[in-house]
Amino acid sequence: KAGVTQTPRYLIKTRGQQVTLSCSPISGHRSVSWYQQTPGQGLQFLFEYFSETQRNKGNFPGRFSGRQFSNSRSEMNVSTLELGDSALYLCASSLDPQGAGYGYTFGSGTRLTVV
Amino acid sequence: DQQVKQNSPSLSVQEGRISILNCDYTNSMFDYFLWYKKYPAEGPTFLISISSIKDKNEDGRFTVFLNKSAKHLSLHIVPSQPGDSAVYFCAASAGSGNTPLVFGKGTRLSVIA
């Protein structure tokens with residue numbers, strides 16, 4: 001079965017612009033989580049969605065937002081981009097929130113570069 | 001405040017020998033621990049996990065040990081193979097998986113042939 005699909009794979013944006021990243025979870029998975037990975041840092045939790053509702057949110061500024069659609073696909077948006085937003089953004093899906101930690105499947109990520 | 005710490009950014013091991021990756025945590029509410037492996041340009045893939053009710057879990061060449069009193073876990077890979085070269089992330093969850101995973105910064109393992 002198809003894995004977690006993230007689009008686009010690579011993106012270059014200018015400071016001040018906004019960006020939208022997309023994640024299609026594994027078919028049947030209803031929970032989607034987003035993480036940011038920067039050089040020298042681990043994966044930092046952004047937010048988690050389940051059945052179109054944000055269930056958990058990490059310690060990121062309000063410029064970072066997300067949503068989930070009825071088909072479980074999720075998008076995250078970053079407005080007013082800063083150089084420090086350059087990172088690999090990873091999406092993970094699981095069957096349900098209780099599966100989080102047990103059945104996380106990650107996508108390959110979107111590499112965002114802000115110039 | 002980093003709740004999950006991997007204090008060794010990198011580790012080099014000869015092929016066939018044992019690789020030991022360490023992880024410390026500070027949050028006593030963590031009750032489930034996982035290791036993920038990540039190759040460049042790919043997302044992390046789940047490797048092995050352990051519940052806080054156990055102190056050891058084994059899966060083939062991979063064994064995870066948990067020392068709750070020391071808030072420490074380790075991943076042992078025996079024997080190490082060149083294909084094991086990757087970044088390994090330790091992660092933890094509280095509430096029996098009901099909270100987001102908290103990750104360490106990762107340890108880059110290089111297995112030298």
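Predicted, not measured: the structure shown is a model, and the values here were computed from it.

S.K.: I keep staring at the overall build of chain B and nothing clicks. Help me out?
M.R.: Of the regular secondary structure elements, chain B holds zero helices and eleven strands. Listing each helix as α and each strand as β along chain B from the N terminus yields β-β-β-β-β-β-β-β-β-β-β. On C-alpha atoms alone, chain B measures out to a radius of gyration of 13 Å, which is about the 13 Å that the 2.2 N^0.38 rule sets for 113 residues. Viewed in the frame of its principal axes, chain B has a C-alpha envelope of about 40 × 30 × 20 Å.

S.K.: Quick question: what am I supposed to make of a nonpolar patch on the surface here?
M.R.: Together, Ile 18, Ile 20 and Val 78 of chain B give the surface a local cluster of nonpolar side chains, amounting to about 230 Å² of exposed area. Mapping Val 78 of chain B onto the fold places it in the loop between β8 (72-77) and β9 (86-94).

S.K.: How do you make sense of the sheet that holds strand β1 (residues 4-5) of chain B when you look at a structure like this?
M.R.: Working definition: the strands of a sheet are paired by backbone hydrogen bonds and lie parallel or antiparallel to each other. All names here are of chain B. The sheet built from five strands is open, its strands ordered β1-β3-β8-β7-β6 with antiparallel pairing. The open sheet has two free edges, formed respectively by β1 and β6 (56-59), since each of these has just one partner strand. Sheet topology places β1 next to strand β3 (residues 19-25); two bridges connect them, and they run antiparallel. Bridging across to β3, Val 4 finds its partner in Tyr 25.

S.K.: Explanation requested: the environment of Ser 31 of chain A in the structure shown.
M.R.: Residue and element names in this part refer to chain A. Along the chain, Ser 31 falls in strand β4 (residues 31-37). On the basis of relative accessibility, which here comes to 1%, the residue Ser 31 falls in the buried class. In sequence terms Ser 31 and Ser 79 are 48 residues apart; their C-alpha atoms lie 24 Å from each other. In this structure the side chain of Ser 31 is engaged in a polar contact, spanning 3.3 Å, whose partner is the side chain of Glu 48.

S.K.: How should the sheet that holds strand β8 (residues 74-78) of chain A be read in this particular structure?
M.R.: All names here are of chain A. The strand order across the open sheet built from four strands is β1-β3-β8-β7, with neighbouring strands paired in antiparallel fashion. Looking along the sheet, the strands with just one partner apiece sit at the ends: β1 (5-7) and β7 (64-68). The mean inter-strand angle of the sheet, taken between neighbouring strand axes irrespective of direction, is 15°. Inspection of the sheet shows β1 paired to strand β3 (residues 19-24) by three bridges, in the antiparallel sense. Looking at β3, one finds that Thr 7 is bridged to Ser 22.

S.K.: What exactly am I supposed to notice about the packing of aromatic side chains here?
M.R.: Any pair of aromatic rings gets described here by the distance separating the centres and the angle formed by the planes. Counted according to the given criterion, the structure contains 15 aromatic pairs over all chains. Measuring from ring centre to ring centre gives 5.2 Å for Tyr 35 of chain A and Phe 103 of chain B, while their planes differ by 80°; the resulting arrangement is edge-to-face. Of this pair, Tyr 35 of chain A sits in strand β4 while Phe 103 of chain B sits in strand β10 (residues 102-103), on two different chains. Exposure class is identical for Tyr 35 of chain A and Phe 103 of chain B. Each is buried. On the numbers, 5.9 Å between centres and 80° between planes, the contact of Tyr 104 of chain A with Phe 106 of chain A is edge-to-face. Take Tyr 104 of chain A: its relative accessible area is 4%, and that puts it in the buried class. One aromatic cluster is present, formed by Tyr 35, Phe 45, Tyr 104 and Phe 106 of chain A together with Tyr 36, Phe 46, Phe 89 and Phe 103 of chain B through successive ring pairs.

S.K.: How should the pattern of salt bridges be read in this particular structure?
M.R.: Close approach of charged atoms lets side chains of opposite charge pair. Evaluated as defined, the whole model comprises eight salt bridges over all chains. With its nearest N and O atoms 4.0 Å apart, the salt bridge here joins Lys 37 of chain B to Asp 84 of chain B. A residue pair is termed long-range when its members are at least 10 positions apart, and Lys 37 of chain B in strand β4 (residues 30-38) and Asp 84 of chain B in the loop between β8 and β9 qualify at 47 residues. Residue classification places Lys 37 of chain B among the buried positions, given a relative accessible area of 10%. Assessed through its relative accessible area of 2%, Asp 84 of chain B is described here as buried. Sharing partners across several salt bridges, the network here consists of Arg 63, Glu 82 and Asp 85 of chain A.

S.K.: Honestly, the side chain of Ser 49 of chain B in this entry has me stumped. Any pointers?
M.R.: All names here are of chain B. Looking at where Ser 49 falls in the secondary structure, it is placed in strand β5 (residues 45-51). In terms of polar contacts, Ser 49 uses its side chain to reach the side chain of Tyr 32, at 2.9 Å. If we ignore the near neighbours within four places in the chain, the residues touching Ser 49 are Tyr 32, Phe 33, Leu 34, Asn 57 and Val 64.

Cut-off values and rules
The residue numbering used here restarts from 1 in each chain and proceeds along that chain's sequence as written. Here chains are named by letter from A upward and ligands by number from 1 upward, in the order in which they appear as written. Local features in this predicted model are restricted to residues of pLDDT 70 or higher, and side-chain atom pairs are both shown and tallied only at a pLDDT of 80 or more, whereas totals for entire chains, interfaces and linings draw on every residue. To obtain the side-chain values, all non-hydrogen atoms of the structure were included, while hydrogens and water were left out. Numbering of helices and strands runs from the N terminus; a helix is a DSSP stretch of H or I covering at least four residues, while a strand is a stretch of E covering at least two. Here the radius of gyration uses the C-alpha set of atoms, whereas the globule reference equals 2.2 Å times the residue count to the power 0.38. Patch rule: a residue counts if its relative accessible area is over 30% and it has no salt bridge; like charges are joined within 9 Å, and nonpolar side chains (Val, Leu, Ile, Met, Phe, Trp, Tyr) within 5 Å. For the accessible areas, the method is Shrake-Rupley and the probe is 1.4 Å, while residue cover comes only from the protein chains on display. Put simply, a salt bridge is a Lys or Arg side-chain nitrogen that is within 4 Å of an Asp or Glu carboxyl oxygen. For two strands to pair, DSSP has to find at least two bridges joining them. Between buried and exposed lies partly exposed: a residue is buried under 20% and exposed over 50% of the maximum accessible area for its type, with that area taken using a 1.4 Å probe on protein chains only. Here a polar contact is recorded for every N or O atom pair within 3.5 Å, except that within protein the pair must consist of a potential hydrogen donor and a potential acceptor, and residues adjacent in sequence are included only if both atoms are side-chain atoms. Fitted lines through C-alpha atoms serve as axes, helices being fitted only where they are in contact, and the angles separating the N-to-C directions of these axes extend from 0 to 180 degrees. The criterion for an aromatic pair is that two Phe, Tyr or Trp rings (for Trp, the six-membered ring) have centres within 6.5 Å, with stacked assigned to planes under 30 degrees apart, edge-to-face to planes over 60 apart and tilted to the rest. Whether two residues are in contact is decided by their heavy atoms, any of which lying within 4.5 Å being enough.

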